[in-house]
Amino acid sequence: MAKNATVWEVFIQSKNGLAHKHAGNVHAADKIMALENARELYTRRNEGSCIWVVKSSEIVSSETEDSEAFFDPSNDKMYRHPTFYTMPEGSKHI
Amino acid sequence: MKEEHFQKQIDTEQKIEPKDWMPEQYRKHLIRQISQHAHSEVIGMQPEGNWITRAPSLRAKMILLAKVQDEAGHGLYLYSACETLGISREKLVQQLHDEKAKYSSIFNYPTLTWADMGAIGWLVDGAAIINQVSLQRTSYGPYSRAMIKICKEESFHQRQGYEIMAEMAKGTPEQKTMAQDALNRFWWPSIMMFGPQDSESPRTGNAMKWKIKRQTNDELRQSFIDKTVGQAEIIGLKIPDPDLKWNEERKHYDFGEMDWEEFWNVVNGNGPCNKQRLAHHKKAHDEGEWVRNAAQEYAKKQESATN
């Protein structure tokens, strides 16, 4: 049996001007095949104007179990949000 | 403690993601269910592929090709979802070949006439959609996302099937007979696609508690029957069940007894096409091996050339 094919994560830009969004993954031996497989699998109905593929093994992810501690620094900074501030009554366009 | 947290996630409708802790039984149940679903999509290409070269028009041929390609795509979405549970695609395919993993029994019936393409799209895809719409809300994130994608593509499948049936039902007497015959043969296997009755379905308890399944087999089956009866009437075909009757009190159709002996017989490998379907899959897989090997070699070469 052939060794397991490489898994590639697929990101699709649905139209010019928008961000690429994760769509799923494909198996492929090399990058050209990965792009072509991604096109066949994820854009059969005009879903894309550009595709990125990246080897899954190259993706670094934070750990779910650590997420509380990992994201802690942003929890206590309410002053980063506009709703934190008191605006004088009657003020507009701010 | 972990289990409690897990159940709380489920109860509050938070999706479980691949890196989250999950009970071993939950993982096992998902691998079994998702791989069975993936294999069904892939094996399901065979009965329809049977008619690509004999489609009655260029339009019909192009549509059927697109549909079969979609089925391959759906299989791949599902294999991907299944792989996030820590099992390789190679192993999944191996389990299919070793008959350790099953696929939907419906694909073990032969497709004898062009009307069968209609019956499969209308009834088999129709039943699959009912199940898949419900599974969009399944608790496992990757499975749910695969279902959402599949449902978006699936409704064309059901419509193309119903269109074929409608065309044939208003065609020549021979064509109408063919359409009715396809409905006669596919009706019971289609409603048995939802699986055993709830009273006979041992895994339903956990599957519902863990929200892998959101509705029981019987609920889904009833919903399919209620939707389909009217569609058959409109095109002038008769559903082959003498006990089928609207029940005003239940606000649902009552229907006849299903032949479970036949169902289990087909599930256990003795349907008309079980051997043929599996043999064909193995053959295609084996014959593709040199292609996979060549692709790997080529990739290696490319890599060493750029380094």
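Residues numbered from 1 in each chain as written. Chains lettered and ligands numbered in written order. Predicted model: local features only at pLDDT ≥ 70, side-chain atom pairs only at ≥ 80, totals over all residues. Heavy atoms only, no water.

**So, the overall build of chain B**
For chain B, the count of helices and strands is 13 helices and 2 strands. Projected onto its principal axes, the C-alpha coordinates of chain B cover approximately 70 × 50 × 35 Å. Taking all 307 residues of chain B together, the buried fraction comes to 52%. Pairs at least 24 apart in sequence give 77% of the contacts found in chain B among residues at least 6 apart. Taking the 41 positively charged and 43 negatively charged side chains of chain B as two groups, their mean positions are separated by 4 Å. (Helix = DSSP H or I, 4+ residues; strand = E, 2+ residues; numbered from the N terminus. Buried < 20%, exposed > 50% of the residue type's maximum accessible area, 1.4 Å probe, protein only. Contact = heavy atoms within 4.5 Å. Lys, Arg positive; Asp, Glu negative; His and termini not counted. Charge placed at Lys NZ, Arg CZ, Asp CG, Glu CD.)

**Brief notes about unusual backbone geometry**
With a phi angle near 55 degrees, A:Asn46 is a residue other than glycine that sits in the positive phi range. One can find A:Asn46 in the loop between α1 (31-42) and β3 (50-55). The phi dihedral of B:Glu13 is positive, around 65 degrees, even though this residue is not glycine. The residue B:Glu13 is located in the loop between α1 (2-11) and α2 (24-43) in this model.

**With respect to the interface of chain A and chain B**
Listed per partner, the contact involves 23 residues of chain A and 25 residues of chain B. Each partner contributes to the roughly 1,900 Å² buried at the junction of chain A and chain B, and carbon and sulfur atoms together form 44% of this total. At the surface where chain A touches chain B, the tally comes to 5 salt bridges. Between A:Arg45 and B:Glu153 there is a salt bridge, and its shortest N-O distance comes to 3.5 Å. At the boundary of chain A and chain B, one finds 11 residue pairs in polar contact (both at pLDDT 80 or more). For the side of chain A that touches chain B, the secondary-structure elements that each account for two or more residues are β2 (21-28) and α1 of chain A. No other element matches α1(A), which puts 4 residues into the side of chain A that touches chain B. When its residues are assigned to classes, the side of chain A that touches chain B shows 8 nonpolar, 6 polar and 9 charged. (Buried area = accessible area lost by both parts, 1.4 Å probe. Salt bridge = Lys/Arg side-chain N within 4 Å of Asp/Glu carboxyl O. Polar contact = N/O pair within 3.5 Å; in protein donor to acceptor, adjacent residues only side chain to side chain. Nonpolar A, V, L, I, M, F, W, Y, C, P; charged D, E, K, R; others polar.)

**A closer look at the confidence of the model for chain B**
Residues and elements named next belong to chain B. In this model, chain B carries an average pLDDT of 95, and 99% of its residues clear a pLDDT of 70 or more. Ranking the elements of chain B by mean pLDDT puts helix α9 (residues 204-209) last, at 87, and strand β2 (residues 252-254) first, at 98. As a predicted assembly, this complex carries a pTM of 0.92 together with an ipTM value of 0.86. (pLDDT = per-residue confidence, 0-100.)

**So, the pairing of β2(A)**
Residues in a regular strand project their side chains so that they alternate between the two faces of the sheet. Residue and element names in this part refer to chain A. Counting buried positions along β2 yields 6 of 8 residues, so the element is predominantly enclosed. One ladder, built from 7 bridges, connects strand β1 (residues 6-13) with β2; its direction is antiparallel. Residue pairing across strands places isoleucine 12 opposite lysine 21, the latter belonging to β2. (Pairing = 2+ DSSP bridges.)

**As for the packing of aromatic side chains**
For the structure on display, the rule yields 14 aromatic pairs over all chains. When the centroid spacing of 6.2 Å and the interplanar angle of 75 degrees are considered together, the rings of A:Tyr79 and A:Phe84 count as edge-to-face. Given the relative accessible area of 44%, A:Tyr79 is considered partly exposed. Look at B:Phe263 and B:Trp264: their rings are 5.0 Å apart centre to centre, the planes differ by 80 degrees, and that puts the pair in the edge-to-face class. Exposure remark for B:Phe263: the relative accessible area of 11% places this residue in the buried category. Residue class for B:Trp264 comes out partly exposed when judged on its relative accessible area of 40%. One aromatic cluster is present, formed by B:Phe6, B:Trp21, B:Tyr26 and B:Trp210 through successive ring pairs. (Phe/Tyr/Trp six-rings, centres within 6.5 Å; stacked < 30°, edge-to-face > 60°.)

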